[in-house]
Amino acid sequence: MSRQFLFTVDLDRDVNLPVEGSMAAGSLDRGSGMSPRFESAERGLSVLLDVLDDVGMKATFYVEGRTSEEIDCSVISGHCIGFHGYDHEDLTGASTGVPMDADTVESVMRRGYEAVSDNVSRPVCFRAPYMVSSPDILSALGPLGIRSDSSVYSFDGCVPYEVVEGVTEYPVPKSRDADGRVIAGYLWPMHEGKRVPEHYIRMAAPCDGMFMLATHTWHMVETRDGGPMDPAAVRANADAVRTVLAGIQDLGFHYAFPFKG
(Lines give C-alpha, C1' and ligand atoms only; values in the text may rest on other atoms or scores of the structure.)
Protein backbone atom coordinates (compact mmCIF):
# COMPACT_ATOMS: atom_id res chain seq x y z
CA MET A 1 0.00 0.00 0.00
CA SER A 2 1.29 3.49 -0.87
CA ARG A 3 2.27 5.56 2.17
CA GLN A 4 0.43 8.87 1.90
CA PHE A 5 1.12 11.99 3.96
CA LEU A 6 -1.49 14.70 4.47
CA PHE A 7 -0.15 17.96 5.92
CA THR A 8 -3.09 20.13 6.95
CA VAL A 9 -3.03 23.76 8.09
CA ASP A 10 -5.67 25.79 9.91
CA LEU A 11 -5.50 29.34 8.52
CA ASP A 12 -7.42 31.31 11.12
CA ARG A 13 -7.19 34.21 13.58
CA ASP A 14 -4.23 34.50 15.93
CA VAL A 15 -4.30 32.38 19.11
CA ASN A 16 -8.05 31.85 18.77
CA LEU A 17 -10.22 31.08 21.75
CA PRO A 18 -13.96 31.01 22.46
CA VAL A 19 -15.67 34.03 24.03
CA GLU A 20 -18.49 33.45 26.50
CA GLY A 21 -21.77 34.71 25.09
CA SER A 22 -20.43 35.24 21.57
CA MET A 23 -20.53 33.00 18.52
CA ALA A 24 -17.41 34.69 17.14
CA ALA A 25 -14.05 33.70 18.58
CA GLY A 26 -11.52 36.18 19.86
CA SER A 27 -7.74 36.22 20.06
CA LEU A 28 -5.83 35.76 23.29
CA ASP A 29 -5.57 39.12 25.04
CA ARG A 30 -2.02 40.48 24.70
CA GLY A 31 -2.91 43.76 26.42
CA SER A 32 -5.36 45.31 23.98
CA GLY A 33 -8.44 43.14 24.44
CA MET A 34 -9.76 39.98 22.82
CA SER A 35 -10.69 41.37 19.42
CA PRO A 36 -9.50 39.03 16.67
CA ARG A 37 -5.97 39.59 15.35
CA PHE A 38 -4.60 38.31 12.04
CA GLU A 39 -1.01 39.59 11.94
CA SER A 40 0.60 36.35 13.11
CA ALA A 41 -1.63 34.29 10.84
CA GLU A 42 -0.40 36.27 7.84
CA ARG A 43 3.28 36.35 8.85
CA GLY A 44 3.23 32.68 9.77
CA LEU A 45 1.67 31.79 6.43
CA SER A 46 4.64 33.30 4.62
CA VAL A 47 7.09 31.38 6.83
CA LEU A 48 5.20 28.11 6.38
CA LEU A 49 4.97 28.46 2.60
CA ASP A 50 8.75 28.86 2.47
CA VAL A 51 9.12 25.62 4.46
CA LEU A 52 6.74 23.81 2.11
CA ASP A 53 8.69 25.05 -0.90
CA ASP A 54 11.93 23.85 0.68
CA VAL A 55 10.65 20.29 1.12
CA GLY A 56 8.66 20.19 -2.13
CA MET A 57 5.24 19.66 -0.56
CA LYS A 58 1.72 20.96 -0.93
CA ALA A 59 -0.69 21.26 1.99
CA THR A 60 -4.42 21.31 2.66
CA PHE A 61 -5.42 24.69 4.11
CA TYR A 62 -8.58 24.94 6.20
CA VAL A 63 -9.33 28.64 5.84
CA GLU A 64 -11.54 30.56 8.24
CA GLY A 65 -13.99 32.75 6.33
CA ARG A 66 -13.16 36.04 8.05
CA THR A 67 -9.43 35.39 7.79
CA SER A 68 -9.85 35.04 4.03
CA GLU A 69 -11.34 38.56 4.06
CA GLU A 70 -8.61 40.05 6.28
CA ILE A 71 -5.40 38.77 4.68
CA ASP A 72 -4.22 37.93 1.17
CA CYS A 73 -4.88 34.24 0.72
CA SER A 74 -4.12 34.17 -2.99
CA VAL A 75 -0.64 32.92 -2.03
CA ILE A 76 -2.07 29.47 -1.28
CA SER A 77 -3.24 28.98 -4.84
CA GLY A 78 -2.17 25.50 -5.94
CA HIS A 79 -2.70 23.98 -2.52
CA CYS A 80 -5.85 22.09 -1.51
CA ILE A 81 -8.46 24.45 -0.02
CA GLY A 82 -10.95 23.67 2.73
CA PHE A 83 -12.93 25.89 5.07
CA HIS A 84 -13.02 26.31 8.84
CA GLY A 85 -16.19 28.16 9.82
CA TYR A 86 -16.59 31.89 9.38
CA ASP A 87 -15.63 33.43 12.76
CA HIS A 88 -14.01 30.29 14.23
CA GLU A 89 -17.33 29.51 15.90
CA ASP A 90 -17.83 26.63 18.30
CA LEU A 91 -20.60 25.18 16.16
CA THR A 92 -21.88 23.12 19.10
CA GLY A 93 -22.14 26.17 21.39
CA ALA A 94 -20.67 24.13 24.25
CA SER A 95 -17.77 26.48 25.05
CA THR A 96 -19.60 29.78 24.53
CA GLY A 97 -23.03 29.22 26.05
CA VAL A 98 -24.59 30.30 22.75
CA PRO A 99 -27.05 27.65 21.53
CA MET A 100 -26.83 26.89 17.83
CA ASP A 101 -29.70 25.04 16.22
CA ALA A 102 -29.43 23.26 12.89
CA ASP A 103 -30.50 26.34 10.89
CA THR A 104 -27.89 28.53 12.61
CA VAL A 105 -25.16 25.96 12.03
CA GLU A 106 -26.10 25.72 8.35
CA SER A 107 -26.11 29.53 8.01
CA VAL A 108 -22.71 29.96 9.67
CA MET A 109 -21.14 27.20 7.60
CA ARG A 110 -22.55 28.58 4.37
CA ARG A 111 -21.19 32.01 5.22
CA GLY A 112 -17.74 30.57 5.82
CA TYR A 113 -17.90 28.49 2.65
CA GLU A 114 -18.93 31.47 0.54
CA ALA A 115 -16.27 33.77 2.01
CA VAL A 116 -13.52 31.28 1.21
CA SER A 117 -15.00 30.64 -2.23
CA ASP A 118 -15.00 34.38 -2.96
CA ASN A 119 -11.52 35.13 -1.59
CA VAL A 120 -9.53 31.95 -2.28
CA SER A 121 -11.30 29.20 -4.24
CA ARG A 122 -14.16 26.79 -3.78
CA PRO A 123 -13.44 24.63 -0.71
CA VAL A 124 -13.52 20.86 -1.16
CA CYS A 125 -13.22 19.84 2.51
CA PHE A 126 -14.03 21.03 6.04
CA ARG A 127 -12.57 21.08 9.53
CA ALA A 128 -14.69 22.19 12.47
CA PRO A 129 -13.18 24.91 14.68
CA TYR A 130 -11.81 23.50 17.95
CA MET A 131 -12.17 19.99 16.44
CA VAL A 132 -15.72 19.67 17.80
CA SER A 133 -18.28 18.08 15.54
CA SER A 134 -22.00 17.26 15.72
CA PRO A 135 -24.74 15.71 13.57
CA ASP A 136 -25.92 19.21 12.57
CA ILE A 137 -22.45 20.08 11.30
CA LEU A 138 -22.19 16.90 9.28
CA SER A 139 -25.68 17.38 7.86
CA ALA A 140 -24.71 20.84 6.60
CA LEU A 141 -21.81 19.52 4.51
CA GLY A 142 -23.79 17.73 1.80
CA PRO A 143 -25.77 20.78 0.61
CA LEU A 144 -22.45 22.64 0.23
CA GLY A 145 -21.04 19.86 -1.92
CA ILE A 146 -18.46 18.93 0.72
CA ARG A 147 -17.63 15.23 0.80
CA SER A 148 -14.58 15.26 3.12
CA ASP A 149 -14.37 16.19 6.79
CA SER A 150 -11.44 16.24 9.25
CA SER A 151 -12.90 17.18 12.64
CA VAL A 152 -12.12 14.28 14.98
CA TYR A 153 -9.14 12.54 16.56
CA SER A 154 -8.67 8.79 16.33
CA PHE A 155 -6.41 6.22 17.99
CA ASP A 156 -7.04 3.98 14.99
CA GLY A 157 -4.61 6.01 12.94
CA CYS A 158 -5.57 8.07 9.95
CA VAL A 159 -7.98 5.53 8.49
CA PRO A 160 -10.74 7.30 6.50
CA TYR A 161 -14.30 6.13 7.03
CA GLU A 162 -17.78 7.20 5.97
CA VAL A 163 -19.13 9.31 8.81
CA VAL A 164 -22.52 10.04 7.22
CA GLU A 165 -23.78 9.07 3.81
CA GLY A 166 -21.66 10.76 1.18
CA VAL A 167 -19.13 12.29 3.62
CA THR A 168 -15.76 10.69 4.41
CA GLU A 169 -14.04 11.44 7.71
CA TYR A 170 -10.25 11.87 7.66
CA PRO A 171 -9.36 11.83 11.37
CA VAL A 172 -6.29 13.41 12.92
CA PRO A 173 -4.36 10.50 14.43
CA LYS A 174 -3.51 9.90 18.07
CA SER A 175 -1.13 7.34 19.52
CA ARG A 176 1.22 6.83 22.46
CA ASP A 177 4.90 7.68 22.42
CA ALA A 178 7.75 5.57 23.79
CA ASP A 179 6.99 6.87 27.29
CA GLY A 180 3.31 5.96 27.06
CA ARG A 181 2.16 9.57 26.72
CA VAL A 182 -0.60 10.45 24.27
CA ILE A 183 0.60 12.27 21.17
CA ALA A 184 -1.77 13.76 18.61
CA GLY A 185 -1.11 14.76 15.03
CA TYR A 186 -1.19 18.50 15.82
CA LEU A 187 2.20 20.20 15.99
CA TRP A 188 1.25 22.79 18.62
CA PRO A 189 3.16 21.05 21.47
CA MET A 190 6.32 21.30 19.35
CA HIS A 191 5.69 24.99 18.67
CA GLU A 192 5.27 25.50 22.43
CA GLY A 193 8.54 23.68 23.20
CA LYS A 194 6.90 20.58 24.66
CA ARG A 195 7.82 18.10 21.91
CA VAL A 196 10.59 17.70 19.35
CA PRO A 197 10.44 16.79 15.64
CA GLU A 198 11.55 13.20 16.22
CA HIS A 199 8.38 12.50 18.21
CA TYR A 200 6.23 13.08 15.13
CA ILE A 201 8.55 11.22 12.80
CA ARG A 202 8.45 8.20 15.12
CA MET A 203 4.66 8.56 15.30
CA ALA A 204 4.46 8.22 11.51
CA ALA A 205 6.90 5.33 11.18
CA PRO A 206 4.49 2.41 11.89
CA CYS A 207 1.80 3.70 9.51
CA ASP A 208 1.45 1.69 6.30
CA GLY A 209 -1.28 3.81 4.76
CA MET A 210 -2.28 7.43 5.32
CA PHE A 211 -0.72 9.69 7.97
CA MET A 212 -1.92 13.21 8.80
CA LEU A 213 -0.37 16.13 10.65
CA ALA A 214 -1.90 19.53 11.37
CA THR A 215 -0.80 22.98 12.51
CA HIS A 216 -1.83 26.67 12.47
CA THR A 217 -0.09 29.41 10.50
CA TRP A 218 -0.05 31.76 13.51
CA HIS A 219 1.85 29.14 15.49
CA MET A 220 4.83 29.59 13.17
CA VAL A 221 5.56 33.03 14.66
CA GLU A 222 3.68 33.20 17.99
CA THR A 223 3.20 30.87 20.94
CA ARG A 224 0.18 30.76 23.18
CA ASP A 225 2.30 30.81 26.32
CA GLY A 226 5.09 33.18 25.28
CA GLY A 227 3.62 35.55 22.72
CA PRO A 228 5.25 36.69 19.46
CA MET A 229 8.58 35.00 18.68
CA ASP A 230 11.80 36.85 17.98
CA PRO A 231 13.46 36.23 14.59
CA ALA A 232 15.79 33.54 15.93
CA ALA A 233 12.87 31.64 17.47
CA VAL A 234 10.91 31.89 14.21
CA ARG A 235 13.85 30.40 12.30
CA ALA A 236 14.22 27.59 14.83
CA ASN A 237 10.49 26.89 14.71
CA ALA A 238 10.52 26.78 10.90
CA ASP A 239 13.53 24.44 11.00
CA ALA A 240 11.63 22.12 13.34
CA VAL A 241 8.65 21.93 10.98
CA ARG A 242 11.01 21.40 8.04
CA THR A 243 12.66 18.52 9.94
CA VAL A 244 9.29 16.87 10.60
CA LEU A 245 8.09 17.12 7.02
CA ALA A 246 11.37 16.00 5.48
CA GLY A 247 11.73 13.19 8.01
CA ILE A 248 8.31 11.78 7.21
CA GLN A 249 9.02 11.97 3.49
CA ASP A 250 12.28 10.10 4.13
CA LEU A 251 10.18 7.25 5.56
CA GLY A 252 8.68 6.76 2.09
CA PHE A 253 5.54 8.88 2.48
CA HIS A 254 4.29 10.97 -0.44
CA TYR A 255 2.04 13.99 0.05
CA ALA A 256 -1.54 13.46 -1.03
CA PHE A 257 -4.70 15.41 -1.88
CA PRO A 258 -7.38 12.80 -1.22
CA PHE A 259 -10.22 15.28 -0.80
CA LYS A 260 -12.83 15.50 -3.52
CA GLY A 261 -15.49 18.11 -4.17
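Everything here concerns the structure above.
What counts as what
Residues numbered from 1 in each chain as written. Predicted model: local features only at pLDDT ≥ 70, side-chain atom pairs only at ≥ 80, totals over all residues. Heavy atoms only, no water. Helix = DSSP H or I, 4+ residues; strand = E, 2+ residues; numbered from the N terminus. Rg over C-alpha atoms; globule rule 2.2 N^0.38 Å. Contact = heavy atoms within 4.5 Å. 1 Å grid on protein atoms, 1.4 Å probe; cavity = no way out; pocket = protein on both sides within 12 Å on 5 of 7 lines; lining within 4 Å. Points joined across faces, edges and corners; volume = space filled by probe spheres on them. Nonpolar A, V, L, I, M, F, W, Y, C, P; charged D, E, K, R; others polar. Pairing = 2+ DSSP bridges. Axes fitted to C-alpha atoms, helices over the stretch in contact; angles between N-to-C directions. Buried < 20%, exposed > 50% of the residue type's maximum accessible area, 1.4 Å probe, protein only. Parallel < 35°, antiparallel > 145°, perpendicular 65-115°, else oblique. Left-handed = near helix turned anticlockwise from the far one by under 90°. Patch = residues over 30% accessible without salt bridge, like charges linked within 9 Å, V, L, I, M, F, W, Y side chains within 5 Å. Areas by Shrake-Rupley, 256 points an atom, 1.4 Å probe, with all protein chains shown as cover. Salt bridge = Lys/Arg side-chain N within 4 Å of Asp/Glu carboxyl O. Lys, Arg positive; Asp, Glu negative; His and termini not counted. Charge placed at Lys NZ, Arg CZ, Asp CG, Glu CD.

**Topic: the overall build of the protein chain**
And step 1. Looking only at helices and strands, one finds seven helices and 15 strands in the protein chain.
And step 2. Relative to a compact globule of 261 residues, whose C-alpha radius of gyration would be 18 Å, the protein chain shows 17 Å and is just as compact.
And step 3. Reported as C-alpha extents along the three principal axes, the dimensions of the protein chain are approximately 45 × 45 × 35 Å.
And step 4. Considering only intrachain contacts with a sequence separation of at least 6, the fraction spanning at least 24 residues in the protein chain is 65%.

**A closer look at empty space enclosed by the protein**
And step 1. Tallied over the full model, the rule gives one cavity of 30 Å³ or more.
And step 2. In this structure, the largest cavity spans a volume of roughly 30 Å³.
And step 3. In terms of lining residues, the largest cavity is bounded by Phe5, Leu6, Phe7, Met57, Lys58, Ala59, Thr60, Tyr255, Ala256 and Phe257.
And step 4. The biggest single contributor to the lining of the largest cavity is strand S1 (residues 4-11), with three residues.
And step 5. By residue class, the composition of the lining of the largest cavity is eight nonpolar, one polar and one charged.

**What to know about the layout of surface pockets**
And step 1. Its volume calculated, the largest pocket comes out at about 330 Å³.
And step 2. For the largest pocket, the lining is made up of 17 residues, of which Asn16, Tyr130, Trp188, His216 and Arg224 are closest to its centre.
And step 3. When grouped by side-chain class, the residues that make up the lining of the largest pocket number seven nonpolar, five polar and five charged.

**Details of the sheet that holds strand S11 (residues 182-184)**
By way of backbone hydrogen bonds, the strands of a sheet pair with one another, either parallel or antiparallel.
And step 1. On the basis of which strands lie adjacent, the open sheet formed by three strands has the order S7-S10-S11 and mixed pairing. What marks the edges here is a single partner per strand, and that holds for strand S7 (153-154) and S11.
And step 2. Sheet topology note: the S7/strand S10 (residues 172-176) ladder contains two bridges and is parallel. Bridged to Tyr153 within S10 is Val172.
And step 3. Against the sheet, helix H6 (residues 197-204) makes contact with S10 and S11, and its axis sits at roughly 90° relative to S11, the strand it touches most.

**Digging into the environment of Pro258**
And step 1. Positionally, Pro258 belongs in the segment after strand S15 (254-255).
And step 2. With 253 residues separating them in the primary sequence, Pro258 and Phe5 have C-alpha atoms 10.0 Å apart.
And step 3. Pro258 has contacts with Leu6, Tyr170 and Met210, leaving out every residue within four places of it along the chain.

**Some thoughts on unusual backbone geometry**
And step 1. A positive phi angle, near 40°, is found at Val15, a position not held by glycine.
And step 2. By secondary structure assignment, the location of Val15 is in the loop between S1 and strand S2 (16-19).
And step 3. Although it is not a glycine, Met131 adopts a positive phi angle of roughly 55°.
And step 4. Tracing the backbone through its elements, the reader meets Met131 in the loop between helix H3 (102-119) and helix H4 (135-141).
And step 5. Residue classification places Met131 among the buried residues on the basis of a relative accessible area of 13%.

**A look at the packing of H6 against helix H7 (residues 231-250)**
Geometry of a packed helix pair, given as the angle between the helix axes and the separation of the axes.
And step 1. Orientation of H6 relative to H7, taken along the N-to-C sense of each, is 20°, at an axis distance of 9 Å. Accordingly, the angle class assigned to the pair H6 and H7 is roughly parallel. When the axes of H6 and H7 are compared, the crossing they make is right-handed. Counting all contacts with H6, which are made through Pro197, Tyr200, Ile201 and Ala204, the residues of H7 involved are Ala240, Thr243, Val244, Gly247 and Ile248.
And step 2. Here the residues of the contact of H6 with H7 sort into seven nonpolar, two polar and no charged.

**Overview of a negative patch on the surface**
And step 1. On the surface, Glu69, Glu70, Glu114 and Asp118 cluster together to form a negatively charged patch.
And step 2. Elements with a contribution of two residues or more to the negative patch: helix H2 (65-70) and H3.
And step 3. Structurally, the position occupied by Glu70 is in helix H2.

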